[in-house]
Amino acid sequence: MARAKMAKRRQESGDETAVRKRILEAAFAAFTKSGYAAASTLEIATRARVSKRELYALVGNKQRMLIACIRERAKRFDVPADLPVLRDRETLAQVLASFGTKVVREASDPTVIAVFRLAISEVTHAPEVARALDSIARETSRAALRKIMAGAQASGLLTGRPAELAKQFAGLLWRDLQVSLLLGVAERPNSREIARRARDAAAAFLQLHPLQNDAPAT
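Below or above, wherever it landed, is the structure these notes cover. Remember, it's a predicted structure, so these values are computed and weren't measured experimentally. (Residues numbered from 1 in each chain as written. Predicted model: local features only at pLDDT ≥ 70, side-chain atom pairs only at ≥ 80, totals over all residues. Heavy atoms only, no water.)

1. Quick word on the environment of R142
Quick reminder of the rule: To qualify as a helix, a DSSP run of H or I must reach at least 4 residues; to qualify as a strand, a run of E must reach at least 2; elements of each kind are numbered from the N terminus. Whether a residue is buried, partly exposed or exposed follows from its accessible area with a 1.4 Å probe, protein chains only, as a fraction of its type maximum: under 20%, in between, or over 50%, in that order. As used in this structure description, the phrase polar contact means that two N or O atoms lie within 3.5 Å; if the pair is within protein, one of them must be able to donate a hydrogen and the other to accept it, and residues adjacent in sequence are counted only when both atoms belong to side chains.
Residue position: R142 is located in helix α7 (residues 127-154). Take R142: its relative accessible area is 31%, and that puts it in the partly exposed class. Spatially, the C-alpha atoms of R142 and A166 are 7.0 Å apart, while their sequence positions differ by 24 residues. At a separation of 3.2 Å, a polar atom in the side chain of R142 contacts the side chain of D134. One polar contact links R142 to E139, side chain to side chain, over a distance of 3.1 Å.

Written out as structure tokens, the structure is:
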């Protein structure tokens, strides 16, 4: 009897997870098509093939749906738990290039670009979209990069404030690519181009921050 109850609960939990995923996909589609302010919970429920009651029970109101959509995409930008110990500059260069490749690959994905365009288009009518995007998705990426910089600083491989170092590397990595993608005047780079961009950014960043022994004599 107990096993049957447990099996039933697991099935119900799995069903709820699948329905919740369907709701969030429907919400994202509605937000990008109609805009956050104009999209209604009825439209989202209809797209997801659920009742409004079920929609509110599993996800919540429209703002909670938006945050959940952004949070799901923000998971792509986290630093892996098995980050290598930064003992030398070569390892640091590899980590920066690997992280840069991941960030550009994920952030240039059409669905992510759509979220950024949504935030920009709704900045007047629904500023919470931009705030959620900045505090969840963008901060995930920034925090991950600060973590790398703090580790390099602790190992004596860099000097300076991790937050400033992170901003500098991000600037070298992106240059004007993200703006061009948002404007639709550039195509998404392919895997080889993304990897090359990340390696070049890592090399340029380390040239700007030589170790004291490596600094050219004046």
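2. Looking at the packing of aromatic side chains
Defined as follows: Note on ring pairs: Phe, Tyr and Trp rings are taken, using the six-membered ring of Trp, and paired if centres are within 6.5 Å. Classes follow the plane angle, with under 30 degrees stacked, over 60 edge-to-face and the rest tilted.
Per the counting criterion, the structure on display carries two aromatic pairs. Where F169 meets F205, the ring centres are 5.9 Å apart and the plane angle is 80°; that geometry is what we call edge-to-face. Of this pair, F169 sits in helix α8 (residues 162-174) while F205 sits in helix α10 (residues 191-208), and the two are 36 residues apart along the sequence. The exposure class assigned to F169 is buried, which follows from its relative accessible area of 0%.

3. What to know about the environment of F116
Applicable threshold: We call two residues in contact when some of their heavy atoms are within 4.5 Å.
For F116, the position within the fold is in helix α6 (residues 110-121). Excluding its chain neighbours within four sequence positions, the residues that come into contact with F116 are L133, R138, Q178 and L182.

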